[in-house]
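# Architecture and fold: a report
Listed below are the residues making up each chain.
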Amino acid sequence: PIEKIHAREILDSRGNPTVEVEVHTPYNVGVACVPSGASTGTHEALELRDKDKRFGGKGVLKAVKNVNNVIAPKVVGMDAAAQRNLDMFMLELDSTENKSKLGANAILGVSMAAARAAAGALELPLYQYLGGVNAYKLPVPMMNVINGGKHAGSGLAIQEFLLLPVGADTYHEALRMNVETYHTLAKILKDKYGKSATNVGDEGGYAPSIGTTREALDAMMEAIDKAGYKGKIKLGIDSAASEFFKGGKYNIDGKSLSRDQMVKYYAGIVKDYPIIVLEDPFAEEDWDGFVAITKEVGKKVTVIGDDIYVTNVKRLQKGIDMGAANSLLLKLNQIGTVSEAFDAATLAFRNKYKVAVSHRSGETCDSIIADVAVALSAEIIKTGAPARSERTSKYNQLLRIEENLGKAAVYTKL
Ligand code: PGA
Ligand code: ZN
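Residues numbered from 1 in each chain as written. Chains lettered and ligands numbered in written order. Predicted model: local features only at pLDDT ≥ 70, side-chain atom pairs only at ≥ 80, totals over all residues. Heavy atoms only, no water.

## Overview of the overall build of the chain
Counted only if it meets this: Runs of E in the DSSP output that reach at least two residues are strands. Runs of H or I that reach at least four are helices, and both are numbered from the N terminus. We compute the radius of gyration over the C-alpha atoms and compare it with the globule rule, which gives 2.2 Å times the number of residues raised to the power 0.38. Buried means the residue's accessible area, taken with a 1.4 Å probe over protein chains only, is under 20% of the maximum for its type, while exposed means over 50%, and partly exposed covers the values in between. The contact criterion used is simple: two residues touch if any of their non-hydrogen atoms lie within 4.5 Å. The accessible surface values rely on the Shrake-Rupley method and a 1.4 Å probe; as for residues, cover is taken only from the protein chains in view. Under the convention used here, Asp and Glu are negative, Lys and Arg are positive, and both His and the chain ends fall outside the count. Every charge is mapped onto a representative atom, which is NZ of Lys, CZ of Arg, CG of Asp or CD of Glu.
The helix and strand inventory of the chain stands at 13 helices and 17 strands. Over its C-alpha atoms the chain spans a radius of gyration of 21 Å, differing by no more than 12% from the 22 Å that the globule rule assigns to 414 residues. Expressed as lengths along the three principal axes of its C-alpha atoms, the size of the chain is roughly 60 × 50 × 45 Å. Looking at the 414 residues of the chain, the share that counts as buried comes to 61%. Restricting the contact set of the chain to residue pairs at least 6 apart, pairs at least 24 apart contribute 69%. When the accessible surface of the chain is summed, it comes to about 15800 Å², and 51% of that surface belongs to carbon and sulfur atoms. Considering the chain, the positive charge centre built from 51 side chains and the negative charge centre built from 50 side chains are found 3 Å apart.

Pasting the structure below:
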(Lines give C-alpha, C1' and ligand atoms only; values in the text may rest on other atoms or scores of the structure.)
(Ligands and ions follow the chains in the order given, each with its own letter.)
Protein backbone atom coordinates (compact mmCIF):
# COMPACT_ATOMS: atom_id res chain seq x y z
CA PRO A 1 0.00 0.00 0.00
CA ILE A 2 1.00 3.62 -0.57
CA GLU A 3 2.10 5.06 2.78
CA LYS A 4 3.07 8.55 1.76
CA ILE A 5 3.35 10.75 -1.32
CA HIS A 6 5.58 13.77 -1.53
CA ALA A 7 6.11 16.15 -4.45
CA ARG A 8 8.66 18.91 -4.87
CA GLU A 9 9.71 21.47 -7.46
CA ILE A 10 12.96 20.66 -9.29
CA LEU A 11 14.56 21.94 -12.53
CA ASP A 12 14.43 20.46 -16.03
CA SER A 13 17.13 20.55 -18.71
CA ARG A 14 16.20 24.09 -19.78
CA GLY A 15 16.35 25.35 -16.22
CA ASN A 16 12.58 25.49 -15.94
CA PRO A 17 10.78 24.15 -12.87
CA THR A 18 9.12 20.76 -13.06
CA VAL A 19 7.49 18.26 -10.72
CA GLU A 20 9.25 15.39 -8.95
CA VAL A 21 7.12 12.91 -6.99
CA GLU A 22 8.01 10.28 -4.40
CA VAL A 23 5.60 7.43 -3.71
CA HIS A 24 6.47 5.62 -0.48
CA THR A 25 5.43 2.04 0.29
CA PRO A 26 6.49 -0.03 3.33
CA TYR A 27 9.16 -1.59 1.11
CA ASN A 28 10.69 1.26 -0.87
CA VAL A 29 10.29 4.66 -2.52
CA GLY A 30 9.45 5.24 -6.20
CA VAL A 31 10.63 8.56 -7.63
CA ALA A 32 9.63 10.09 -10.96
CA CYS A 33 10.14 13.44 -12.73
CA VAL A 34 7.83 15.03 -15.29
CA PRO A 35 9.20 16.37 -18.62
CA SER A 36 8.01 19.43 -20.57
CA GLY A 37 7.70 20.27 -24.28
CA ALA A 38 8.37 23.46 -26.27
CA SER A 39 6.58 22.71 -29.54
CA THR A 40 3.56 21.44 -27.65
CA GLY A 41 0.34 20.30 -29.28
CA THR A 42 -2.72 22.44 -28.62
CA HIS A 43 -4.67 19.40 -27.46
CA GLU A 44 -2.17 18.14 -24.91
CA ALA A 45 -3.29 17.66 -21.31
CA LEU A 46 -2.68 20.83 -19.32
CA GLU A 47 0.70 21.49 -17.75
CA LEU A 48 -0.11 23.55 -14.67
CA ARG A 49 2.22 26.55 -14.21
CA ASP A 50 1.98 29.12 -11.42
CA LYS A 51 1.97 32.17 -13.73
CA ASP A 52 3.29 34.39 -10.94
CA LYS A 53 6.60 36.22 -10.40
CA ARG A 54 8.77 33.20 -9.68
CA PHE A 55 10.72 31.71 -12.62
CA GLY A 56 9.01 34.02 -15.11
CA GLY A 57 5.66 32.42 -14.33
CA LYS A 58 6.92 28.88 -14.92
CA GLY A 59 6.90 27.73 -11.29
CA VAL A 60 4.99 24.51 -10.54
CA LEU A 61 4.16 25.02 -6.86
CA LYS A 62 0.43 24.77 -7.60
CA ALA A 63 0.94 21.34 -9.15
CA VAL A 64 3.19 20.35 -6.23
CA LYS A 65 0.48 21.43 -3.78
CA ASN A 66 -2.12 19.49 -5.73
CA VAL A 67 -0.05 16.35 -5.26
CA ASN A 68 0.75 16.93 -1.59
CA ASN A 69 -2.58 18.34 -0.41
CA VAL A 70 -5.25 17.04 -2.81
CA ILE A 71 -4.08 13.74 -4.34
CA ALA A 72 -1.90 12.36 -1.53
CA PRO A 73 -4.49 12.32 1.30
CA LYS A 74 -6.95 10.50 -0.96
CA VAL A 75 -4.67 7.80 -2.39
CA VAL A 76 -2.64 6.87 0.68
CA GLY A 77 -3.66 3.31 1.49
CA MET A 78 -4.23 2.34 -2.14
CA ASP A 79 -2.11 -0.42 -3.66
CA ALA A 80 0.77 1.11 -5.66
CA ALA A 81 0.50 -1.82 -8.08
CA ALA A 82 -3.16 -1.07 -8.81
CA GLN A 83 -1.94 1.30 -11.53
CA ARG A 84 -5.18 1.58 -13.46
CA ASN A 85 -7.33 2.08 -10.37
CA LEU A 86 -4.97 4.78 -9.18
CA ASP A 87 -4.93 6.51 -12.58
CA MET A 88 -8.71 6.35 -12.99
CA PHE A 89 -9.18 7.65 -9.44
CA MET A 90 -7.00 10.68 -10.21
CA LEU A 91 -8.95 11.29 -13.43
CA GLU A 92 -12.19 11.39 -11.42
CA LEU A 93 -10.63 13.62 -8.81
CA ASP A 94 -9.59 16.06 -11.53
CA SER A 95 -12.88 15.70 -13.42
CA THR A 96 -11.86 17.84 -16.42
CA GLU A 97 -11.26 16.76 -20.03
CA ASN A 98 -7.65 18.02 -20.14
CA LYS A 99 -6.59 17.63 -16.48
CA SER A 100 -6.70 21.38 -15.99
CA LYS A 101 -7.84 21.25 -12.37
CA LEU A 102 -4.96 19.29 -10.83
CA GLY A 103 -2.54 19.59 -13.76
CA ALA A 104 -1.25 16.75 -15.93
CA ASN A 105 2.19 17.37 -14.42
CA ALA A 106 0.81 16.63 -10.94
CA ILE A 107 -1.16 13.54 -12.01
CA LEU A 108 1.57 12.06 -14.21
CA GLY A 109 4.20 12.47 -11.50
CA VAL A 110 2.12 10.33 -9.13
CA SER A 111 1.22 7.84 -11.86
CA MET A 112 4.87 7.22 -12.86
CA ALA A 113 6.23 7.20 -9.30
CA ALA A 114 3.59 4.62 -8.29
CA ALA A 115 4.73 2.34 -11.12
CA ARG A 116 8.32 2.67 -9.94
CA ALA A 117 7.35 2.00 -6.33
CA ALA A 118 5.30 -1.07 -7.27
CA ALA A 119 8.06 -2.49 -9.47
CA GLY A 120 10.58 -1.93 -6.69
CA ALA A 121 8.35 -3.51 -4.06
CA LEU A 122 7.94 -6.56 -6.28
CA GLU A 123 11.69 -6.56 -6.94
CA LEU A 124 11.15 -6.39 -10.70
CA PRO A 125 12.89 -4.18 -13.25
CA LEU A 126 10.40 -1.50 -14.31
CA TYR A 127 10.24 -2.67 -17.94
CA GLN A 128 9.36 -6.17 -16.76
CA TYR A 129 6.79 -4.97 -14.24
CA LEU A 130 5.07 -2.90 -16.94
CA GLY A 131 5.46 -5.33 -19.84
CA GLY A 132 5.71 -8.81 -18.34
CA VAL A 133 6.53 -11.74 -20.56
CA ASN A 134 6.20 -9.65 -23.72
CA ALA A 135 8.91 -7.18 -22.73
CA TYR A 136 12.03 -8.33 -24.60
CA LYS A 137 12.30 -6.11 -27.69
CA LEU A 138 14.73 -3.20 -27.81
CA PRO A 139 13.48 -0.24 -29.86
CA VAL A 140 15.37 1.43 -32.70
CA PRO A 141 17.03 4.55 -31.23
CA MET A 142 15.84 7.38 -33.48
CA MET A 143 18.42 10.01 -32.69
CA ASN A 144 18.04 13.72 -33.26
CA VAL A 145 21.43 14.99 -34.48
CA ILE A 146 20.55 18.35 -36.04
CA ASN A 147 18.16 20.68 -34.19
CA GLY A 148 16.00 23.32 -35.85
CA GLY A 149 12.57 24.88 -35.38
CA LYS A 150 11.71 25.88 -31.84
CA HIS A 151 14.60 23.88 -30.38
CA ALA A 152 17.50 25.90 -31.82
CA GLY A 153 18.50 29.13 -33.53
CA SER A 154 19.78 27.25 -36.57
CA GLY A 155 17.27 28.79 -38.97
CA LEU A 156 16.02 25.40 -40.18
CA ALA A 157 12.24 25.06 -40.35
CA ILE A 158 12.39 21.31 -39.71
CA GLN A 159 12.72 20.72 -35.98
CA GLU A 160 14.59 17.41 -35.92
CA PHE A 161 16.91 15.50 -38.24
CA LEU A 162 16.97 11.88 -37.15
CA LEU A 163 19.22 8.84 -37.56
CA LEU A 164 17.70 5.35 -37.61
CA PRO A 165 20.28 2.54 -37.36
CA VAL A 166 18.11 -0.16 -38.90
CA GLY A 167 21.04 -2.29 -40.05
CA ALA A 168 22.24 -3.18 -36.55
CA ASP A 169 21.84 -6.61 -34.98
CA THR A 170 21.68 -5.47 -31.38
CA TYR A 171 20.67 -2.33 -29.52
CA HIS A 172 24.18 -1.58 -28.26
CA GLU A 173 25.53 -1.85 -31.79
CA ALA A 174 22.76 0.47 -33.02
CA LEU A 175 23.65 2.99 -30.35
CA ARG A 176 27.34 2.90 -31.25
CA MET A 177 26.60 3.36 -34.96
CA ASN A 178 24.56 6.46 -34.18
CA VAL A 179 27.14 7.90 -31.81
CA GLU A 180 30.01 7.44 -34.27
CA THR A 181 27.92 9.08 -36.97
CA TYR A 182 27.03 11.95 -34.61
CA HIS A 183 30.71 12.61 -33.92
CA THR A 184 31.61 12.33 -37.61
CA LEU A 185 28.86 14.83 -38.37
CA ALA A 186 30.49 17.29 -35.97
CA LYS A 187 33.69 17.26 -38.04
CA ILE A 188 31.78 17.72 -41.29
CA LEU A 189 29.73 20.64 -39.95
CA LYS A 190 32.81 22.28 -38.47
CA ASP A 191 34.73 22.08 -41.75
CA LYS A 192 31.79 23.38 -43.79
CA TYR A 193 30.21 25.98 -41.56
CA GLY A 194 32.79 26.85 -38.92
CA LYS A 195 33.30 26.07 -35.27
CA SER A 196 30.02 27.48 -34.00
CA ALA A 197 28.09 25.02 -36.19
CA THR A 198 28.56 22.32 -33.56
CA ASN A 199 26.87 24.30 -30.81
CA VAL A 200 23.90 22.24 -29.69
CA GLY A 201 20.16 22.84 -29.39
CA ASP A 202 17.67 21.79 -26.73
CA GLU A 203 17.94 18.09 -27.49
CA GLY A 204 21.72 17.93 -27.88
CA GLY A 205 21.73 17.93 -31.69
CA TYR A 206 23.97 20.38 -33.55
CA ALA A 207 22.45 23.69 -34.52
CA PRO A 208 24.37 24.92 -37.59
CA SER A 209 23.16 27.94 -39.57
CA ILE A 210 21.95 25.96 -42.54
CA GLY A 211 19.37 27.40 -44.89
CA THR A 212 17.58 24.37 -46.26
CA THR A 213 16.39 20.89 -45.33
CA ARG A 214 18.38 19.31 -48.17
CA GLU A 215 21.64 20.87 -46.97
CA ALA A 216 21.13 19.32 -43.54
CA LEU A 217 20.24 15.95 -45.08
CA ASP A 218 23.36 16.12 -47.27
CA ALA A 219 25.55 16.64 -44.21
CA MET A 220 23.92 13.64 -42.53
CA MET A 221 24.44 11.45 -45.61
CA GLU A 222 28.10 12.41 -45.70
CA ALA A 223 28.45 11.60 -42.00
CA ILE A 224 26.82 8.18 -42.41
CA ASP A 225 29.09 7.43 -45.35
CA LYS A 226 32.29 8.57 -43.62
CA ALA A 227 31.40 6.70 -40.43
CA GLY A 228 31.08 3.54 -42.54
CA TYR A 229 27.34 2.95 -42.19
CA LYS A 230 26.05 3.57 -45.70
CA GLY A 231 22.81 1.62 -46.14
CA LYS A 232 22.75 0.68 -42.45
CA ILE A 233 21.56 3.99 -41.04
CA LYS A 234 18.43 5.54 -42.55
CA LEU A 235 17.04 9.03 -42.06
CA GLY A 236 13.96 10.57 -40.50
CA ILE A 237 12.67 14.08 -39.89
CA ASP A 238 10.27 15.56 -37.35
CA SER A 239 8.92 18.63 -39.09
CA ALA A 240 6.80 19.78 -36.12
CA ALA A 241 4.98 21.54 -38.96
CA SER A 242 2.50 23.40 -36.74
CA GLU A 243 5.41 25.67 -35.88
CA PHE A 244 5.96 26.88 -39.47
CA PHE A 245 2.32 26.84 -40.56
CA LYS A 246 1.05 30.44 -40.81
CA GLY A 247 -2.05 31.75 -42.55
CA GLY A 248 -2.74 28.48 -44.36
CA LYS A 249 0.81 28.15 -45.73
CA TYR A 250 3.90 26.18 -44.74
CA ASN A 251 6.97 28.42 -44.55
CA ILE A 252 10.04 26.34 -45.27
CA ASP A 253 13.40 26.83 -47.01
CA GLY A 254 12.49 30.44 -47.76
CA LYS A 255 9.30 29.43 -49.56
CA SER A 256 5.63 29.53 -48.69
CA LEU A 257 3.98 26.26 -49.68
CA SER A 258 0.38 25.04 -49.91
CA ARG A 259 -0.65 21.61 -48.61
CA ASP A 260 -0.33 20.07 -52.08
CA GLN A 261 3.06 21.65 -52.64
CA MET A 262 4.14 20.33 -49.25
CA VAL A 263 3.15 16.78 -50.23
CA LYS A 264 5.32 17.15 -53.35
CA TYR A 265 8.13 18.60 -51.23
CA TYR A 266 8.16 15.53 -49.00
CA ALA A 267 7.76 13.12 -51.92
CA GLY A 268 10.85 14.77 -53.45
CA ILE A 269 13.10 14.32 -50.41
CA VAL A 270 11.79 10.79 -49.79
CA LYS A 271 12.81 9.97 -53.37
CA ASP A 272 16.27 11.54 -53.11
CA TYR A 273 17.28 10.44 -49.58
CA PRO A 274 16.83 7.20 -47.59
CA ILE A 275 14.09 8.75 -45.46
CA ILE A 276 11.97 6.19 -43.62
CA VAL A 277 10.29 8.43 -41.01
CA LEU A 278 8.23 11.60 -41.41
CA GLU A 279 6.91 12.92 -38.10
CA ASP A 280 4.31 15.70 -37.98
CA PRO A 281 4.77 16.55 -41.67
CA PHE A 282 1.63 18.72 -41.46
CA ALA A 283 0.10 21.02 -38.84
CA GLU A 284 -1.86 19.54 -35.95
CA GLU A 285 -5.29 20.28 -37.46
CA ASP A 286 -4.34 19.54 -41.07
CA TRP A 287 -5.86 16.04 -41.05
CA ASP A 288 -6.18 16.11 -44.86
CA GLY A 289 -2.46 16.83 -45.18
CA PHE A 290 -1.70 13.75 -43.09
CA VAL A 291 -4.09 11.65 -45.20
CA ALA A 292 -2.49 12.92 -48.43
CA ILE A 293 1.11 12.23 -47.39
CA THR A 294 0.18 8.80 -46.00
CA LYS A 295 -1.43 7.94 -49.35
CA GLU A 296 1.62 9.22 -51.17
CA VAL A 297 4.46 7.59 -49.20
CA GLY A 298 2.81 5.57 -46.37
CA LYS A 299 3.64 2.17 -47.86
CA LYS A 300 7.36 2.64 -47.31
CA VAL A 301 7.57 5.53 -44.88
CA THR A 302 6.62 5.50 -41.19
CA VAL A 303 4.38 8.57 -40.94
CA ILE A 304 4.21 9.50 -37.26
CA GLY A 305 1.53 11.65 -35.65
CA ASP A 306 2.70 13.65 -32.63
CA ASP A 307 0.92 17.00 -32.15
CA ILE A 308 -2.03 15.75 -34.19
CA TYR A 309 -2.69 12.78 -31.83
CA VAL A 310 -1.19 13.99 -28.53
CA THR A 311 -1.27 10.37 -27.24
CA ASN A 312 -5.05 10.74 -27.02
CA VAL A 313 -7.23 7.74 -27.99
CA LYS A 314 -10.04 9.95 -29.33
CA ARG A 315 -7.78 11.84 -31.70
CA LEU A 316 -5.90 8.67 -32.62
CA GLN A 317 -9.17 6.88 -33.46
CA LYS A 318 -10.14 9.77 -35.72
CA GLY A 319 -6.78 9.50 -37.49
CA ILE A 320 -7.11 5.74 -37.89
CA ASP A 321 -10.60 6.17 -39.38
CA MET A 322 -9.32 8.78 -41.84
CA GLY A 323 -6.03 7.08 -42.74
CA ALA A 324 -4.01 9.98 -41.35
CA ALA A 325 -0.44 8.76 -40.59
CA ASN A 326 0.42 5.13 -39.87
CA SER A 327 2.23 5.51 -36.54
CA LEU A 328 1.84 7.10 -33.13
CA LEU A 329 4.31 9.20 -31.16
CA LEU A 330 3.74 8.36 -27.50
CA LYS A 331 4.51 10.98 -24.87
CA LEU A 332 3.33 10.27 -21.33
CA ASN A 333 2.89 13.91 -20.42
CA GLN A 334 0.73 14.68 -23.46
CA ILE A 335 -2.02 12.60 -21.86
CA GLY A 336 -1.01 12.55 -18.20
CA THR A 337 -1.28 8.97 -16.88
CA VAL A 338 0.62 5.76 -17.56
CA SER A 339 -2.65 3.86 -18.11
CA GLU A 340 -3.99 6.24 -20.75
CA ALA A 341 -0.67 6.22 -22.60
CA PHE A 342 -0.78 2.42 -22.65
CA ASP A 343 -4.36 2.61 -23.98
CA ALA A 344 -3.14 4.78 -26.86
CA ALA A 345 -0.40 2.26 -27.65
CA THR A 346 -2.88 -0.63 -27.58
CA LEU A 347 -5.21 1.17 -29.97
CA ALA A 348 -2.28 1.95 -32.26
CA PHE A 349 -0.98 -1.64 -32.37
CA ARG A 350 -4.47 -3.07 -32.97
CA ASN A 351 -4.66 -0.94 -36.08
CA LYS A 352 -1.19 -1.85 -37.33
CA TYR A 353 0.24 1.51 -36.36
CA LYS A 354 3.82 1.56 -35.16
CA VAL A 355 4.59 3.25 -31.84
CA ALA A 356 7.52 5.58 -31.14
CA VAL A 357 8.00 6.41 -27.46
CA SER A 358 9.37 9.92 -27.02
CA HIS A 359 11.06 12.28 -24.60
CA ARG A 360 10.25 16.01 -24.49
CA SER A 361 12.60 18.85 -25.37
CA GLY A 362 12.58 19.79 -21.67
CA GLU A 363 13.72 16.69 -19.80
CA THR A 364 15.22 15.39 -16.58
CA CYS A 365 17.45 12.38 -16.06
CA ASP A 366 14.40 10.22 -15.34
CA SER A 367 14.69 7.31 -17.77
CA ILE A 368 11.19 5.85 -17.47
CA ILE A 369 10.51 6.12 -21.21
CA ALA A 370 13.23 3.51 -21.86
CA ASP A 371 11.36 1.02 -19.68
CA VAL A 372 8.02 2.04 -21.21
CA ALA A 373 9.35 1.50 -24.75
CA VAL A 374 10.47 -2.05 -23.96
CA ALA A 375 7.32 -2.79 -21.94
CA LEU A 376 5.18 -1.82 -24.94
CA SER A 377 7.42 -3.43 -27.58
CA ALA A 378 7.48 -0.01 -29.22
CA GLU A 379 9.38 -0.15 -32.50
CA ILE A 380 11.16 3.18 -31.96
CA ILE A 381 12.43 5.37 -29.13
CA LYS A 382 13.21 9.03 -29.71
CA THR A 383 15.23 10.72 -27.02
CA GLY A 384 17.53 13.24 -28.63
CA ALA A 385 21.22 13.25 -29.43
CA PRO A 386 23.80 11.19 -27.56
CA ALA A 387 24.78 14.32 -25.67
CA ARG A 388 23.72 15.82 -22.33
CA SER A 389 22.77 13.48 -19.52
CA GLU A 390 19.01 13.99 -19.71
CA ARG A 391 19.20 12.43 -23.20
CA THR A 392 21.84 9.74 -22.60
CA SER A 393 20.08 8.58 -19.41
CA LYS A 394 17.43 6.93 -21.59
CA TYR A 395 19.87 5.42 -24.08
CA ASN A 396 21.95 4.15 -21.16
CA GLN A 397 18.93 2.64 -19.42
CA LEU A 398 18.25 0.67 -22.62
CA LEU A 399 21.81 -0.71 -22.42
CA ARG A 400 21.02 -1.91 -18.89
CA ILE A 401 17.74 -3.44 -20.00
CA GLU A 402 19.44 -5.21 -22.91
CA GLU A 403 22.05 -6.59 -20.54
CA ASN A 404 19.39 -7.60 -18.02
CA LEU A 405 17.45 -9.48 -20.71
CA GLY A 406 20.59 -11.28 -21.84
CA LYS A 407 19.91 -13.82 -24.57
CA ALA A 408 16.21 -12.99 -24.56
CA ALA A 409 16.90 -9.46 -25.91
CA VAL A 410 15.83 -8.85 -29.51
CA TYR A 411 16.62 -5.69 -31.50
CA THR A 412 13.59 -4.49 -33.43
CA LYS A 413 13.59 -4.85 -37.22
CA LEU A 414 11.64 -1.96 -38.68
P1 PGA B 1 8.65 19.07 -27.75
O2 PGA B 1 9.29 18.45 -29.06
O3 PGA B 1 9.00 18.20 -26.60
O4 PGA B 1 9.25 20.44 -27.67
O5 PGA B 1 7.17 19.11 -27.99
C6 PGA B 1 9.37 17.08 -29.30
C7 PGA B 1 8.64 16.68 -30.55
O8 PGA B 1 8.02 17.53 -31.23
O9 PGA B 1 8.65 15.50 -30.89
ZN1 ZN C 1 7.31 15.83 -32.73
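## Section: unusual backbone geometry
Phi is positive for Lys99, close to 60°, though the residue is something other than glycine. Considering the arrangement of structural elements, one finds Lys99 in the loop between α2 (83-94) and α3 (104-121). Although it is not a glycine, Thr311 adopts a positive phi angle of roughly 55°. Within the element layout of this structure, Thr311 appears in the loop between β13 (302-305) and α9 (313-322).

## With respect to the side chain of Asp280
Formally: Any carboxyl oxygen of Asp or Glu that lies within 4 Å of a side-chain nitrogen of Lys or Arg is treated as forming a salt bridge with it. For this analysis, a polar contact is any N or O atom pair within 3.5 Å, provided that within protein one partner can donate a hydrogen and the other can accept it, and provided that sequence-adjacent residues contribute only side-chain to side-chain pairs.
Turning to its location among the elements, Asp280 is positioned in the loop between β12 (275-279) and α8 (287-297). Although Asp280 is buried, it makes no salt bridge; Lys331 carries the closest opposite charge, 6.5 Å away. From its side chain, Asp280 meets the backbone nitrogen of Asp306 in a polar contact 2.7 Å long. Contacts of Asp280, omitting those with residues within four sequence positions, involve Asp238, Ser239, Ala240, Ala241, Phe290, Ile304, Gly305, Asp306, Asp307 and Ile308.

## Remarks on the nonpolar core
Note the following rule: Residues grouped as a nonpolar core are buried Ala, Val, Leu, Ile, Met, Phe, Trp, Tyr and Cys residues, joined through side-chain atoms within 4.5 Å.
Membership of the largest hydrophobic core comes to 141 residues, with the highest contact counts inside it found for Tyr266 and Leu330. No other element matches α3, which puts eleven residues into this core. Leaving out residues up to four positions away in the same chain, Leu330 has contacts with Thr311, Ala341, Ala345, Val355, Ala356, Val357, Ser358, Val372 and Leu376.

## Description of the coordination of the zinc ion (ligand 2)
Put simply, the rule reads: Atoms of type N, O and S within 2.8 Å of a metal are treated as its donors, and for Na, K and Ca the window is 3.2 Å; water is not considered, so some sites may appear to be missing partners.
Every protein donor of the zinc ion (ligand 2) is accounted for by Asp238 (OD), Glu279 (OE) and Asp306 (OD), and the metal-donor separations fall at 2.1 to 2.2 Å. According to the relative accessible area criterion, Asp238 is buried, its value standing at 1%.

## As for the UniProt feature "binding site: Mg(2+)" (unreviewed entry) in the chain
Keep this limit in mind: UniProt positions are given in the numbering used here, feature names are shortened, and annotations may be inferred rather than shown by experiment.
Mapped onto the present numbering, the UniProt feature "binding site: Mg(2+)" (unreviewed entry) falls at Asp238, Glu279 and Asp306. Across 69 residues of sequence, these annotated residues stay compact in space, with a maximum C-alpha separation of 9.1 Å. Not counting residues up to four positions away in its chain, the partners in contact with Glu279 are Met142, Ile237, Asp238, Ser239, Ala240, Ile304, Asp306, Leu329 and Lys382. By the element assignment, Asp306 lies in the loop between β13 and α9. Residues in contact with Asp306, not counting those within four places in the same chain, are Asp238, Glu279, Asp280, Leu329, Lys331 and Gln334.

## Let's talk about the packing of helix α12 (residues 368-376) against helix α13 (residues 389-405)
This is how it is decided: Every axis corresponds to a line fitted to the C-alpha atoms, with the helix fit spanning only the stretch in contact, and the corresponding angles, defined between N-to-C directions, vary from 0 to 180 degrees. To sort the angles, those under 35 degrees are grouped as roughly parallel, those over 145 as roughly antiparallel, those from 65 to 115 as roughly perpendicular, and the leftovers as oblique. Left-handed is the label given to a crossing in which the near helix is rotated counterclockwise from the far helix by less than a right angle, and right-handed is the label when the rotation is clockwise. The classification used treats Ala, Val, Leu, Ile, Met, Phe, Trp, Tyr, Cys and Pro as nonpolar, Asp, Glu, Lys and Arg as charged, and all other residues, Gly among them, as polar.
Put simply, α12 and α13 touch, their axes get as near as 8 Å, and they point 50° apart. As judged from the angle between their axes, α12 and α13 are oblique. As for the relative orientation of α12 and α13, their crossing is right-handed in sense. On α13, the residues that touch Ile369, Ala370, Asp371 and Val374 of α12 are Lys394, Gln397, Leu398 and Ile401. Classifying every residue of the contact of α12 with α13 by side-chain character gives five nonpolar, one polar and two charged.

## A closer look at the site of ligand 1
Keep this limit in mind: Neighbouring residues are identified by heavy atoms, a residue being near a molecule or strand if any of them is within 4 Å of it.
Lining the immediate environment of ligand 1, one finds 15 residues, of which Ala38, His151, Arg360, Ser361 and Lys382 sit closest. Residue Gln159 places a side-chain N or O atom 2.9 Å away from an oxygen atom belonging to ligand 1. The separation between an oxygen atom of ligand 1 and a polar side-chain atom of Asp306 is 3.1 Å. Summarising the interface, the protein chains cover 100% of the accessible area of ligand 1, which totals 280 Å² for the free molecule.

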